[in-house]
Amino acid sequence: MSVWLQILDMAGAVLVFIGAAICLLGVIGMLRLPDVLSRSHAATKPQTLGMLLVLAGVALRLRSGMDLATLALIGFFQLMTGPVAAHLVARSAYRTGQTGHSELLFDELDEQLTEER
């Protein structure tokens, strides 16, 4: 095995480790944060970055065309679905009254919901 392949393997292992650590921090944030909006933030931002780092690390290790295409699709769908799901969770929590309305700095959704009724 050449030196460059060993360097790529080591970089891939480091990226997988860093990505897993960031995902772990996101899980800890979900457990420790007090309200739904903070938890949805902790559920999406670090998880998306951690997943992309893990995918990059796996891509450095596999180096096959079909594997890289599969990893690219996984990354694409993760980037598309994660923020949309967090938005829907936060919006449904707002509509059911599970968010602290007094803690919000700007409440633009309240104006939209009162216009609909």
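All values reported here derive from a predicted model rather than from experimental measurement.

K.L.:
What exactly am I supposed to notice about the environment of Ile74 here?
P.N.:
Topologically, Ile74 is positioned in helix 3 (residues 65–95). Measuring from C-alpha to C-alpha, the distance between Ile74 and Met51 comes to 9.3 Å, with 23 residues separating the pair along the chain.

K.L.:
Before we go on, may I ask you to explain helix 1 (residues 3–32) in this structure?
P.N.:
Counting along an α-helix, one turn takes 3.6 residues, and residues three or four places apart therefore face a common direction. With 30 residues, helix 1 extends 43 Å between its outermost C-alpha atoms, agreeing within 8% with the 44 Å of an ideal straight helix rising 1.5 Å per residue. Here helix 1 has its buried residues at Asp9, Gly12, Gly19, Ile22, Cys23, Gly26 and Gly29. Contact partners of the buried residues in helix 1: helix 2 (36–62).

K.L.:
How should I be thinking about the environment of Arg32 in this particular structure?
P.N.:
Looking at where Arg32 falls in the secondary structure, it is placed in helix 1. Residue classification places Arg32 among the exposed positions, given a relative accessible area of 70%. In this structure the C-alpha to C-alpha distance between Arg32 and Ala42, which are 10 residues apart in sequence, comes to 9.8 Å.

Each value, and the rule that gives it
Residues numbered from 1 in each chain as written. Predicted model: local features only at pLDDT ≥ 70, side-chain atom pairs only at ≥ 80, totals over all residues. Heavy atoms only, no water. Helix = DSSP H or I, 4+ residues; strand = E, 2+ residues; numbered from the N terminus. Expected span 1.5 Å × (residues − 1). Buried < 20%, exposed > 50% of the residue type's maximum accessible area, 1.4 Å probe, protein only. Contact = heavy atoms within 4.5 Å.

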